Amino acid sequence: MTAPGRPHPDVNPRRTFALVAGVERYEISHHWNLRGPARDALRFARWLTGPGQVPAANVRLLLSPLDDPDALDWSASEGLAALRTSYRPATEANARTALLDELPECDGDLLWIFWAGHGYLGRDRELMLPCADARPGQIRHLNLDSALRWWRTDLVGHRRFPLQAALVDACRVDAPRDSRWNFGSADYGGGRTVPGRRQFRLYASREGEAAQNDAERGAGRFTEALLGELGDRSVGEGAAFLPDAARSIHLAFRGLRERGEGWQLPQFLVDRDWDANSFLDFPAFPPFPAFPADGPPGPSLPGAPRLDQAGWDGLGELFEGRDLPRCAYEAYAWAFKAAGCTTPVDGGLPADTLLDVVADLDERQGGRTGMPLAVPFVHFLADRTARPGGGPGGGPEDPEWAAALARWVRATRERLALPALRPPPAPARKATLHVRLESPPGGEDGLLARMWLRGERTRHVWESEGSPVQLAAVRAELVRRLAEGAGAGQPHGGIGRIEFHVPYELLETDFDQWPVPRRGPGGRTRPLGTVHEVVVRCPQEREDTRTEWLEKWRWLHVQDGRHPDAVRTVEDADVTDALGLRLGAAPAPACVLGHVSGTRTAALLDALLEGGVPVAVWRRGGGTPAGGLPALLAPDAGPGAPPVFALPARVRDVRRAAAGQEPEGGDRLVLLWDDPDDTVDLRSLAT
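Engineer: Help me get a handle on helix 1 (residues 37-49), residues and values and all.
Structural biologist: Compared with an ideal rise of 1.5 Å per residue, which puts 13 residues at 18 Å, helix 1 spans 18 Å between its outermost C-alpha atoms and is within 8% of the ideal. Extensive coverage of helix 1 is indicated by the burial of 10 of its 13 residues. Turning to helix 1, its buried residues number three or more, namely Pro37, Ala38, Asp40, Ala41, Leu42, Phe44, Ala45, Trp47, Leu48 and Thr49.

In C-alpha cells, the structure reads:
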C-alpha cells in the first residue's frame with residue numbers, strides 16, 4: 001500500500017491528464033440553473049495546475065457558468081490563467097470529444113475526471129450528468145458509468161492510463177420519468193477489458209440522495225471537503241492520499257448526518273485503494289488517531305436507539321393485514337421533524353408495506369433528540385386514525401387500531417426511556433363550496449343546479465328546485481353566496497375552493513373566468529379563479545371506472561402526491577384508443593398533464609375518465625404553455641412533476657399571474673379534481 005504523504009510511484013505530473021467540468025447554466029429551463037459548479041471546477045483545475053503541477057495543456061476544461069466567464073477568478077495559478085483561453089462550453093459534444101476522442105490519444109499515467117452540476121440515475125442505475133445543452137425532450141448528457149466502462153477497455157492503449165479517478169459533485173436521484181424529460185440512451189460501447197486498470201470513484205452522495213450546494217458561497221459541500229483534504233499536495237501525493245481522503249470526507253459528512261444537519265453521505269463505489277487492498281480496513285499508515293481495537297467505525301449511524309425485539313413483535317401484530325393508510329407519507333415525513341432530522345429528498349414512501357416503511361426508518365435511525373424514527377411515525381398514525389375519516393384507505397375512523405397504536409408508543413417510550421412526543425399537527429381543513437350542475441332528465445333547456453358548503457360540517461345552501469336555470473343564474477347565486485360570507489367578516493366569503501360538478505360536455509367551461517366583485521369601492525371585478533381555487537369534477541362518468549378511480553386516489557394519498565410516478569405528461573402522439581386502458585392499468589399515474597392540441601382534447605378527456613384518473617391539468621381549447629406544464633406548475637422543482645396536492649393552489653397562482661396578460665396566458669388552465677372522499681348524495685332535492 002502506498003503510504004499517505006508520499007507520491008504514488010506510478011504518477012508523473014506531466015503524464016497526468018484531466019477532464020474538469022462545471023455546469024451552472026442549462027438550456028432546458030432557468031429553474032435548472034445553480035450557482036457553484038463553475039467555481040468548484042475552477043478550484044479543482046487550480047489544484048491540478050498549481051500544487052498538483054499538471055501542465056495546463058493536459059487539462060480539458062468545460063465550463064458553462066451563470067456569470068460572464070471573464071468575471072471568474074482565473075488568477076489563482078499560471079496554469080489556470082492559461083486555461084482561460086482554452087476552456088469550452090460544457091455541452092454533450094464537447095464532453096464526448098474530450099473524454100472519448102482527445103484524452104484517449106494521450107499517453108498518460110493517471111486520468112482525473114471531475115464533474116460538478118446536476119446528476120440523475122437512469123433505469124439501470126447509471127449516473128447521467130446533464131450537459132449545458134440539455135433540452136426538454138432530449139436531455140443531452142454524459143453517461144459516466146458507460147464512459148468509465150469504455151475507459152477500462154482496449155480502446156484506450158494498453159499501456160496508457162493504468163490509474164483513473166472520477167470525482168463527482170452531483171446529486172444521484174432518480175431521473176424524472178415524464179416523457180418530456182427524455183434522457184434517451186447514451187451507451188458508448190467498448191472493447192475488451194484490459195486487466196490491471198484501476199478506477200477510483202468518489203461521489204458526493206449515495207443513490208437517491210441530493211448533493212448539497214451553498215449558492216451564496218458558490219461552492220458544493222463535497223468539493224469544499226475534497227479540496228480541503230488535497231490541500232497543497234502534488235498530484236502524485238493527492239493520488240496516493242485519495243483513499244484516506246475518501247474516508248475522512250465520509251466520516252465528516254457522517255458527523256453532519258448524526259447531528260441532523262443533512263442526509264448527504266459521500267460514497268466510494270469500490271472500497272479499494274490503488275493496490276487493490278480494502279481501504280476500509282485498519283490503515284497501515286493511519287492519517288487519523290488510531291481506532292479502537294475492534295477496528296474503524298463502519299457505515300452504521302448510531303444517532304439513536306433502534307427498535308428492540310419487543311417493539312418489532314408489537315408492530316408485527318399491529319400491522320398484519322393492514323394496507324398503508326392515507327396519511328402514511330405525512331407520518332413518514334413528520335417522523336423526521338419530530339426526531340430533529342432532515343427529511344430525505346426522495347419523493348414518496350420507500351416501501352409498499354407498513355413494516356417495510358418502519359424498517360427504512362429504523363435503518364436510518366434518529367437525530368439529535370435520541371428518538372428512533374419509527375416511534376413518531378406510529379404516533380402520527382395513532383393520532384390520525386383516531387380522527388373522523390382518518391382510518392386506513394381513507395375510510396371511517398378506526399378507534400380500536402388507534403388505541404392499540406397509542407399503547408405501543410407509550411410502552412416503547414417507557415421501555416427505551418425515550419423523550420416525550422409533541423402532538424402531530426391537525427389535518428388542514430378548507431371550506432369548499434360545491435356547485436352541482438346536471439342536465440334535466442326531460443331534455444329541457446338549461447341546467448339543474450345545487451350548492452352545498454363543506455367545512456367542519458356539510459350543509460345544503462341552494463338549489464334550483466327542479467326548474468332548469470341558465471349558467472348566468474348560477475353565477476349570480478354564487479356571487480351572492482360569496483358576498484354573504486364576506487359581509488359576515490369572512491375573507492373571500494370564508495371559502496377557499498369552489499368545485500364544479502358538471503356533465504362531461506361542460507368540463508372546459510371557463511368557470512374560473514366568471515367575474516366576481518372586488519372588495520372595496522368602484523364596482524370592478526376579478527376572475528373567480530384568481531380569488532379562489534377553482535376545479536371541475538365529472539361525477540357522472542365515474543360509475544364504470546369506480547374501482548380504478550378509488551385505487552388511484554388512495555394511492556395518491558398514501559404517497560402524499562409526491563411519488564415520481566404519480567404524474568404523467570401526455571402529448572398528441574400518446575392519445576390513442578388504448579390510452580385509457582394504459583392509464584387505468586395501475587395506480588400510477590394518478591395525475592395527467594395534457595400537452596395536447598385542441599383536436600385531441602376530447603380524446604384525452606375520454607381516456608382520463610376511462611382510466612379512472614382523478615386529477616388532470618390541460619389548457620382550455622388545447623395547446624402547451626411555453627416551457628411546458630411541469631415548469632409552469634412546479635417552477636422550483638427542476639424537471640420533476642409538481643406535488644399533486646399543491647395543484648389547486650398552484651393553478652390559482654398561475655391564474656393570478658396571468659390575469660393581466662394576453663388571453664394566451666396561463667389563465668386557460670383547467671384543473672380536473674375528482675376527490676372520491678369528498679362526495680355527498682348528489683341527487684337533486686326536488687326529485
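Engineer: Quick one: what's the story with the confidence of the model for the chain, residue by residue and with numbers?
Structural biologist: Here the chain shows a mean pLDDT of 80. Residues at 70 or above account for 79%. Below pLDDT 50 for its whole length, residues 214-218 participates in 9 contacts with residues either more than four positions away or in separate chains. Here residues 259-303 is modelled with pLDDT under 50, and outside its nearest four sequence neighbours on either side it reaches 132 contacts, counting other chains as well.

Engineer: Which residues make up the packing of helix 10 (residues 374-385) against helix 11 (residues 399-416), and what are the values?
Structural biologist: Axis separation between helix 10 and helix 11 bottoms out at 8 Å; the angle between their running directions is 150°. Compared by their axis directions, helix 10 and helix 11 come out roughly antiparallel. As helix 10 packs across helix 11, the resulting crossing turns out to be left-handed. Only Pro399, Trp401, Ala402, Leu405, Ala406, Trp408, Val409, Thr412 and Arg413 of helix 11 make contact with helix 10, whose side of the interface consists of Ala374, Val375, Val378, His379, Leu381, Ala382 and Thr385. In terms of residue class, the contact of helix 10 with helix 11 is made up of 12 nonpolar, 3 polar and 1 charged.

Engineer: Outline a negative patch on the surface, supporting the account with residue identities and numerical values.
Structural biologist: Taken together, the side chains of Glu505, Glu541, Glu543, Asp544, Asp606 and Glu610 define an acidic patch exposed on the protein surface. Following the sequence through the fold, Asp544 ends up in the loop between strand 19 (533-537) and helix 14 (546-558). On the basis of relative accessible area, Asp544 is assigned to the exposed category, the value being 78%.

Engineer: Just give me the short version of the packing of aromatic side chains, but keep the residues and values in it.
Structural biologist: Per the stated rule, a full pass over the model turns up 21 aromatic pairs. A centroid spacing of 5.7 Å and a plane angle of 45° characterise the contact between Phe44 and Trp47, whose relative ring orientation is tilted. Placement of both Phe44 and Trp47 in helix 1 is noted, with a separation of 3 residues, approximately one turn of the helix. Trp47 shares its class with Phe44; the two are buried. For the ring pair Phe511 and Trp514, a centre distance of 5.3 Å and an interplane angle of 75° mean the geometry is edge-to-face. Clustering of aromatic rings is evident, with ring pairs tying together Phe17, Trp150, Trp151 and Phe161. Directly above the aromatic system of Trp514 lies the positively charged group of Arg475, at a separation of 5.5 Å from the ring centroid.

Engineer: Explain the environment of Gly348 to me, using residue names and the numbers behind them.
Structural biologist: As for its position among the elements, Gly348 is in the loop between helix 8 (328-338) and helix 9 (354-364). Separated by 15 residues in sequence, Gly348 and Ala333 have C-alpha atoms that sit 9.5 Å apart. When neighbours within four sequence positions are excluded, Gly348 is seen to be in contact with Tyr329, Gln559, Arg562 and His563.

Here is what the cut-offs are and how they apply
- Residues numbered from 1 in each chain as written.
- Predicted model: local features only at pLDDT ≥ 70, side-chain atom pairs only at ≥ 80, totals over all residues.
- Heavy atoms only, no water.
- Helix = DSSP H or I, 4+ residues; strand = E, 2+ residues; numbered from the N terminus.
- Expected span 1.5 Å × (residues − 1).
- Buried < 20%, exposed > 50% of the residue type's maximum accessible area, 1.4 Å probe, protein only.
- pLDDT = per-residue confidence, 0-100.
- Contact = heavy atoms within 4.5 Å.
- Axes fitted to C-alpha atoms, helices over the stretch in contact; angles between N-to-C directions.
- Parallel < 35°, antiparallel > 145°, perpendicular 65-115°, else oblique.
- Left-handed = near helix turned anticlockwise from the far one by under 90°.
- Nonpolar A, V, L, I, M, F, W, Y, C, P; charged D, E, K, R; others polar.
- Patch = residues over 30% accessible without salt bridge, like charges linked within 9 Å, V, L, I, M, F, W, Y side chains within 5 Å.
- Areas by Shrake-Rupley, 256 points an atom, 1.4 Å probe, with all protein chains shown as cover.
- Salt bridge = Lys/Arg side-chain N within 4 Å of Asp/Glu carboxyl O.
- Lys, Arg positive; Asp, Glu negative; His and termini not counted.
- Charge placed at Lys NZ, Arg CZ, Asp CG, Glu CD.
- Phe/Tyr/Trp six-rings, centres within 6.5 Å; stacked < 30°, edge-to-face > 60°.
- Lys NZ or Arg CZ within 6 Å of the ring centre and 35° of its normal.

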